[in-house]
Amino acid sequence: MTAGAETSGDPYLPAHGNGGYRTRHYDLDLEYRVAPNRLTARARVEATTTQALSRFSLDLAGLRVSRVLVNGKPARYAQRDRKLHVTPAVPIADGGTFTVEVRYGGNPRPIHDPAWGDIGWDELSEGALVASQPIGAPSWYPCNDHPADKASYRVTVTADAPYTVLVTGDLVGRRQGGSLATWVYERPEPTATYLMSVQVGLYEQATLGPGQHAAFPARLRQPFLHDFGRHGLIMSTLERFFGRYPFRGYLVVVTCDDLDEPIEAQGMSVFGANLIDGQRTHERLIVHELAHQWFGNSLTIREWPHIWLNEGFATYAEWLWSEASGGAPAEDHARQWHAKLSTGPQDLVLADPGVSRMFDERVYKRGALTLHALRHRLGDAQFFALLKDWTATYQHATVSTEDFVRFAGGRLEDLFTSWLYRPELPATW
Ligand SMILES: [Zn+2]
């Protein structure tokens, strides 16, 4: 076969991601003008083929391509249905590495999904944000949009000078020329496309703990510092449960506008202004988003059906924090949610919830209950040792439900069968 497959083969989102190659590195150079919401960009993607390729595709939506080079040579291309189809002048051999350079631009806008709403690059009243899970990355750069294909990144953004540009990575350079400033970020760890993010805004900044920083609108300074006042303690508590924080730094961004839900990105979490009230009302969400740095970001699901490995673990982290910080013990949270789920329909299989129910509340709560049942069975010492082993063994890699079941070891088959693979809610743990 010489043609590239235009599908990732994902059971839930086959149209996102592409076959025939694996990406290694993205070098993105963006110029973004805030007022007209105008993006002019160049993406250079390094990849390795997994088969001989006479053509291949990338995911890109809503932006117009003006030139494509493959290994420095002009290539034919066409844009259709959120795909950029590329035919290189010279076919690429099986196992060969290649570089594709794409020049593109336009007015970036989120990708609309009937179930999930608008996802991707979006304008704010003062700036812009990127929130891509699960399908928004192609709204701002050409990519192989599938979580299993993680790559490193260098992102350069030039934007109007009064704005601060925050990208998921380490800031390695900043220069100003006239009314524009250029920001250069590097993200060396393998990163899923949906976890790359750009935040453009007018922020005040603060430090929350070692390696933990925050950017927020100046008007929210006081309530923000109260709401995130225990962040250093939350970090050290989660490290005690899950092992070392998997990235070098962590940045909390609060947008000037409200958001429906907070969003995790690599080494970053994004909260809407509406979640800051000076009462710590939403502290559990701070814990939840931080926990995704281990579960989702470092250990990334290989296909979307395994989403409980992200959401169940992040939800259980909320319960663990509650217990560790003098709130209700995890057992109380488990009882409450078990009682609630018992009264609802029992037609969801946790290990395969279906694409329309990937973010169903049951994926979160039953996922956490599964871990609680496992903890009950193993005892605390063995359970927390298992979690630390799991995050260390698969750090910066991809994982599946079957990996976890295998990793947890024998004599747990009955537990996993009833919690993960059958729709009926087990009577107890
Ligand atoms: Zn989550």
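Residues numbered from 1 in each chain as written. Predicted model: local features only at pLDDT ≥ 70, side-chain atom pairs only at ≥ 80, totals over all residues. Heavy atoms only, no water.

Below, the discussion takes up the packing of aromatic side chains. One pass over the full model with this rule turns up 33 aromatic pairs. Aromatic pair Y21 and F56: ring centres 5.8 Å apart, planes at 70°, arrangement edge-to-face. Of this pair, Y21 sits in strand 1 (residues 21–33) while F56 sits in strand 3 (residues 56–59), and the two are 35 residues apart along the sequence. The interplanar angle of 70° and the centroid separation of 6.0 Å between the aromatic rings of Y245 and F247 together place this pair among those described as edge-to-face. With relative accessibility at 8%, the residue Y245 sits in the buried group. Judged by relative accessible area, F247 falls into the buried class, the value being 5%. The ring of W183 has R174 sitting right over it, with the charged end atom 4.5 Å from the ring centre. Between the NZ or CZ atom of K365 and the centre of the ring of W337, over which it lies, the distance is 4.4 Å. (Phe/Tyr/Trp six-rings, centres within 6.5 Å; stacked < 30°, edge-to-face > 60°. Helix = DSSP H or I, 4+ residues; strand = E, 2+ residues; numbered from the N terminus. Buried < 20%, exposed > 50% of the residue type's maximum accessible area, 1.4 Å probe, protein only. Lys NZ or Arg CZ within 6 Å of the ring centre and 35° of its normal.)

To continue, consider the environment of L171. Structurally, L171 is set in strand 14 (residues 170–177). In the structure, L171 is positioned 16 residues away from V155 in sequence and 9.5 Å away in space, judged by C-alpha atoms. Beyond its immediate sequence surroundings of up to four residues, L171 is in contact with W183, V184 and Y185. (Contact = heavy atoms within 4.5 Å.)

This part takes up the sheet that holds strand 20 (residues 263–265). The strand order 17-18-19-21-20 describes an open sheet built from 5 strands, whose pairing is mixed. Taken across any chain shown, the strands that pair with only one partner, and hence form the sheet edges, are strand 17 (204–209) and strand 20. Each strand axis lies, on average, 20° off the axis of its neighbour in the sheet, ignoring direction. Seen against the sheet, helix 3 (residues 283–291) touches strand 19 (250–254), strand 20 and strand 21 (268–271) and runs at an angle of roughly 150° to strand 21. (Pairing = 2+ DSSP bridges. Axes fitted to C-alpha atoms, helices over the stretch in contact; angles between N-to-C directions.)

On to the environment of N18, then. The topology assignment puts N18 in the segment before strand 1. Classification of N18 as buried rests on a relative accessible area of 5%. Beyond its immediate stretch of four places on either side in the chain, N18 contacts A5, E6, T7, S8, S57, L58, D59, K83, C143, N144 and D145.

A few words on the domain arrangement of the chain. Assigned domains of the chain: these are domain 1 (21–201), domain 2 (204–291) and domain 3 (300–421). Computed from C-alpha atoms alone, the centre-to-centre distance between domain 2 and domain 3 is 23 Å. Contacts between the two partners involve 18 residues from domain 2 and, on the opposite side, 17 residues from domain 3. Summing both sides of the interface, domain 2 and domain 3 together bury roughly 1,500 Å²; the carbon and sulfur share of this comes to 66%. Taken as a group, F241, F242 and H288 account for 44% of the area that domain 2 buries against domain 3, more than any other trio of residues on that side. Scanning the region where domain 2 abuts domain 3 turns up 1 salt bridge. The closest approach of N and O atoms between R284 and E318, which form a salt bridge, is 2.9 Å. The interface formed by domain 2 and domain 3 includes 7 residue pairs in polar contact (both at pLDDT 80 or more). Secondary structure elements with two or more residues in the side of domain 2 that touches domain 3: helix 2 (231–242) and helix 3. (Domains from an automatic or database assignment. Buried area = accessible area lost by both parts, 1.4 Å probe. Salt bridge = Lys/Arg side-chain N within 4 Å of Asp/Glu carboxyl O. Polar contact = N/O pair within 3.5 Å; in protein donor to acceptor, adjacent residues only side chain to side chain.)

F242 and F404 are the most contacted members of the largest nonpolar core, which totals 81 residues. Examining the composition of this core, we find that 9 residues originate from one element, helix 4 (residues 308–324), more than from any other. Discounting residues that sit within four places of it in the chain, F242 has contacts with A291, W294, F295, A317, L320, L387, K388 and T391. If you look at the next biggest cluster of nonpolar residues, it comprises 62 residues, including L28, L30, A181 and L251. (Core = buried A, V, L, I, M, F, W, Y, C linked by side-chain atoms within 4.5 Å.)

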